[in-house]
Amino acid sequence: MYGKADAVSLTLFLIQCLNGLQYGTLLFLIAAGLTLVFGVMGFINLAHGVQYMVGAYLVFAFQQLTGNFFVAVVLSLVAALLLGLLLEYFVFRHLYGRDHLDQVLATFGIIIFLNELAKVIFGPGTLSIEPPEVLSGSVQLTEQLRYPVYRFVTILAGLAVAVLLYITVTRTRVGMLIRAGATTPEMVSALGVNIQRLFMIVFGVGAMLAGFAGVIAAPIFAIEPGMGDNILIIAFVVIIIGGVGSIRGAFLGALMVGLFDTVGRTLLTEGLEVVFPPSFSNQVGPALASMLIYILMAAVLVVRPQGLLPAKGAH
Amino acid sequence: MNVLEIRNLNKHFGAVHVSRNISLSVPDGQCHALIGPNGAGKTTLIHQISGVLQPDAGEVVLAGQNITTKKTWQRAQAGLGRTFQLTSVLPSFSVLENVALAAQAKSGSSFRFFRPAAREKDLNETAMAMLERLGMKERAFVPATDLSHGERRLLELAIALAGAPRFLLLDEPMAGLGRVESVMLIDILADLRRSIPMLLVEHDMDAIFQLADTVSVLVDGKVVAQGGPDHVRNDPAARAAYLGDTAQ
Amino acid sequence: MRMDRSLLVMALVFVLLLAAPFVLPPLGQSYLLSLLIKAMLLAIAAISLDLLVGQGGMISLGHAAFVAIGAYTAAIGLESGIENILVLLLLALLVSGLCALVTGALALRTTGVYFLMITLAFGQMIYFTLTSLAPYGGDDGLTLWSLATFFGSDVVQGSGQLYLIILLTLLASWWGVQRLSNARFGRVLRAARDNPDRTEIMGFSIFRFRLTAYVIAGMIAAVSGLLTMQHAEFVSPAMAAWQRSGDLLVIVVLGGLGTRNGALLGALFLVIVEEVLGSFLHEWRLIYGPLLVLMALHAKGGLSHLLFPANRTEKAGVTRVNGEQA
């Protein structure tokens with residue numbers, strides 16, 4: 001019999017699915033920049049996570065300054081791009097083609113520096129901002145289902161960026177250069193293209209994607225020093241699953257991880273509750289759920305080490 | 001007895017049929033040369049013999065043992081030695097240590113954690129003997145990265161030989177060598193082939209005609225001619241393949 | 001002559017470390033002792049990481065997790081009533097060895113950057129597993145009310161005695177890894193680092209050698225973890241954080257990758273710098289971060305290179321004329 005309880009848990013399940021989708025699109029924004037930079041420059045940017053954090057802090061600061069969320073978003077994107085370009089010019093440019101160890105060390109140093117800077121400027125505590133008035137409240141999706149407008153909008157924004165990226169990479173000249181630069185950089189520069197400028201563009205795009213992710217995540221998650229570190233590792237899991245250097249792979253991987261993590265968390269906790277007392281399942285459930293995505297990663301590694309949608313002929 | 005036997009080897013790269021029903025065999029004491037224009041699929045064949053690639057169909061048999069599905073290192077342990085087209089040595093190791101390591105691979109387990117390997121007399125002696133045979137004894141303690149191109153080719157060979165192989169796979173050993181060095185290497189190989197059978201991929205026709213007992217001509221993944229060097233020289237299919245090719 | 005110099009310095013360092021617990025307290029510098037303990041514990045873990053990175057060329061960003069596994073295995077053992085330090089040691093080795101075997105077998109299906117990311121992810125996974133251990137403190141960690149004993153005696157407790165045990169363990173791991181590097185095993189590992197294809201063609205299964213190194217390194221790190229637990233009387237999931245793994249990597253590079261004394265020098269240097277910088281400036285990381293960047297961009301070879309300048313032939317792994325490794 002279809003009762004009220006079933007309707008409620010179905011609604012809950014759907015909300016979790018939407019949350020998973022939202023988390024997934026956020027992950028995609030972060031992973032896309034990461035995989036792009038690695039695919040084209042062979043550069044492993046551990047500092048990508050702090051660029052995400054910087055985006056969140058920027059939107060907080062600009063919001064405080066201007067009082068307008070949307071203005072703050074635009075300013076934050078510009079600032080994030082500037083910061084990314086500065087980092088590229090002074091540090092990262094000298095690391096392309098270098099030992100991976102050097103790259104790890106340098107980006108590690110930047111993470112430590114920026115995390116500390118955030119702590120110094122904004123304090124070690126957690127900050128929060130509210131979503132703008134026009135995007136607050138909930139939208140009624142079905143008879144039973146209400147979902148926060150802001151979260152819904154972030155899903156749409158993420159998907160829009162995904163489509164934009166896809167079109168850029170596959171249809172435009174720049175995109176073609178990016179794909180070519182990833183496979184044969186010597187050829188591309190032999191054709192007269194300024195490879196240094198191309199790399200700069202790619203890095204700038206990556207920085208903006210990370211910053212944008214931080215900006216839209218700010219009203220949802222807590223803003224604090226070190227917030228980029230954990231999500232960076234999840235982004236790594238995403239690109240391992242999807243295939244390093246592949247944007248389609250990042251998309252698939254991000255959605256999989258987002259859904260797996262969010263829905264899996266709920267399902268696992270509820271599943272455990274059937275057998276074990278709530279005190280146990282409330283503790284063990286989330287912990288097991290955290291492990292889920294790593295188990296997923298391990299499974300992909302065993303079955304298909306190159307990832308689910310690997311980039312063709314990239315590094 | 002055939003030391004190396006390749007039966008009906010087939011390989012596709014997507015829709016392209018890169019190895020078409022290739023068969024050849026090399027008995028003891030013989031040198032078998034593989035020639036063909038660029039893109040014929042020689043390197044692909046070498047990769048399938050040494051284990052870098054897996055054939056879609058067919059068999060690779062070494063001294064009676066079917067090694068078609070075995071990994072690279074297992075084939076080496078089974079007695080397959082190989083030199084690379086692009087010289088590949090251990091740059092931070094000395095010349096001697098390069099060769100000693102190759103000998104170490106065939107001298108019991110390397111899962112030993114206490115005795116300093118550099119002091120193992122028999123490994124060093126085997127390595128020295130190998131270097132002497134190739135005229136490289138004075139360079140024994142030079143880091144491999146400091147060698148000239150010709151010396152590196154010889155080191156490659158020393159490494160392959162130190163493993164006491166049952167069969168040698170030589171991928172363009174003459175590449176990049178000057179006249180004098182080529183002559184020396186040809187002499188060494190001529191000497192070697194009676195004790196260790198070999199499959200030689202080459203473009204240098206001098207080397208081919210001095211060393212090869214049998215020649216296979218590979219064109220578009222297929223063996224179009226197979227036989228003694230003179231026979232192949234006059235074979236119409238082989239000549240057609242080389243028209244316009246400046247391999248000489 | 002140069003080789004003797006580096007050995008001489010090592011001997012000197014060990015003598016100083018040995019003298020410290022007798023010399024420092026009368027001078028009122030007992031705090032320095034705890035710093036030295038911290039450095040030594042880090043050095044043990046760093047030595048094991050150098051086996052992976054310096055000898056094997058496997059850059060792992062998840063090594064701190066094995067330190068944590070050692071610490072937690074011992075802590076859980078203690079809480080479950082197992083007091084004997086030797087039994088706890090055995091357990092720590094077993095558990096860490098098993099974890100290393102499983103994660104290593106998966107991670108070593110890849111190389112380079114992929115390997116880096118996977119070790120990072122596995123380290124994180126272990127971190128989360130530790131935070132989920134509610135009965136053992138969860139996120140907050142666990143304070144230990146009783147420590148390990150040596151067949152009932154408390155000779156393995158307390159800063160003074162423990163200091164010597166830790167020094168001994170440091171000596172043992174340093175010596176052990178040295179032997180290992182010069183032995184057949186180390187040679188194959190280094191060859192695989194320099195030219196994996198060539199090494200495979202010679203007849204070595206690189207996977208097997210690397211996995212063995214990974215397990216050995218994991219176990220040595222676990223020993224460091226057990227001793228850390230015994231000293232700090234506290235364990236926490238933060239021990240497995242990837243920032244700790246990063247610190248270990250910094251130590252190894254700072255000291256000199258693949259050199260015989262790099263790990264120890266790097267650990268000492270880092271602990272001292274952190275202490276000195278930290279006493280001047282609370283936000284010392286604002287300086288430390290850019291320092292790392294500069295080091296990555298410019299300083300090749302680390303401290304060992306500075307103290308014992310080597311010419312090209314003495315890079316790690318080249319056999320010297322008399323057969324010793326540089």
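Residues numbered from 1 in each chain as written. Chains lettered and ligands numbered in written order. Predicted model: local features only at pLDDT ≥ 70, side-chain atom pairs only at ≥ 80, totals over all residues. Heavy atoms only, no water.

Draft legend 1. Here's a closer look at the overall build of chain A. Within chain A, the secondary structure is distributed over 11 helices and 2 strands. On C-alpha atoms alone, chain A measures out to a radius of gyration of 20 Å, which is about the 20 Å that the 2.2 N^0.38 rule sets for 315 residues. Across its three principal directions, the C-alpha atoms of chain A cover 70 × 50 × 35 Å. Out of the 315 residues belonging to chain A, those deemed buried represent 53%. By sequence separation, contacts in chain A at least 24 residues apart represent 76% of the contacts at least 6 residues apart. For chain A, the exposed area adds up to about 13,600 Å²; of that, 68% sits on carbon and sulfur atoms. (Helix = DSSP H or I, 4+ residues; strand = E, 2+ residues; numbered from the N terminus. Rg over C-alpha atoms; globule rule 2.2 N^0.38 Å. Buried < 20%, exposed > 50% of the residue type's maximum accessible area, 1.4 Å probe, protein only. Contact = heavy atoms within 4.5 Å. Areas by Shrake-Rupley, 256 points an atom, 1.4 Å probe, with all protein chains shown as cover.)

Draft legend 2. Structural detail: the interface of chain C and chain B. Listed as interface residues are 35 residues of chain C and, on the opposing side, 41 residues of chain B. Counting each side, the surface lost to burial between chain C and chain B is near 3,500 Å², with a carbon and sulfur contribution of 60%. In terms of surface lost to chain B, no three residues of chain C exceed Arg184(C), Arg187(C) and Arg198(C), which account for 27% of the buried area on that side. Our enumeration of links across chain C and chain B arrives at 3 salt bridges. The interface formed by chain C and chain B contains 17 residue pairs in polar contact (both at pLDDT 80 or more). Sorting the residues of the side of chain C that touches chain B by element identifies helix H6 (159-182), helix H7 (184-194), helix H8 (196-202) and helix H9 (206-232) of chain C as the ones contributing at least two each. (Buried area = accessible area lost by both parts, 1.4 Å probe. Salt bridge = Lys/Arg side-chain N within 4 Å of Asp/Glu carboxyl O. Polar contact = N/O pair within 3.5 Å; in protein donor to acceptor, adjacent residues only side chain to side chain.)

Draft legend 3. Molecular detail of the packing of helix H9 (residues 227-242) of chain A against helix H5 (residues 112-131) of chain C. For the pair H9(A) and H5(C), interaxial distance at closest approach is 9 Å and the crossing angle is 125°. By the criterion of interaxial angle, the relationship of H9(A) to H5(C) is oblique. Crossing handedness for the pair H9(A) and H5(C): left-handed. Here H9(A) contributes Asn230(A), Ile233(A), Phe236(A), Val237(A), Ile239(A) and Ile240(A) to the contact with H5(C), which in turn contributes Met117(C), Ile118(C), Leu120(C), Ala121(C) and Gln124(C). (Axes fitted to C-alpha atoms, helices over the stretch in contact; angles between N-to-C directions. Parallel < 35°, antiparallel > 145°, perpendicular 65-115°, else oblique. Left-handed = near helix turned anticlockwise from the far one by under 90°.)

Draft legend 4. Spatial organisation of the pattern of salt bridges. Residue and element names in this part refer to chain B. Tallied over the entire structure, the rule returns 20 salt bridges over all chains. Across the pair Arg7 and Glu59 runs a salt bridge whose closest N-O atoms are separated by 2.7 Å. On the criterion of sequence distance, the pair formed by Arg7 in strand E1 (residues 2-13) and Glu59 in strand E4 (residues 57-62) is long-range, its members being 52 residues apart. Given the relative accessible area of 30%, Glu59 is considered partly exposed. Residues Arg194 and Asp213 are paired through a salt bridge, measuring 3.4 Å at the closest nitrogen-oxygen approach. Within this pair, whereas Arg194 is found in the loop between helix H6 (179-192) and strand E8 (198-201), its partner Asp213 is found in the loop between helix H7 (205-211) and strand E9 (214-219), the two being separated by 19 residues in sequence. According to the relative accessible area criterion, Arg194 is partly exposed, its value standing at 46%.

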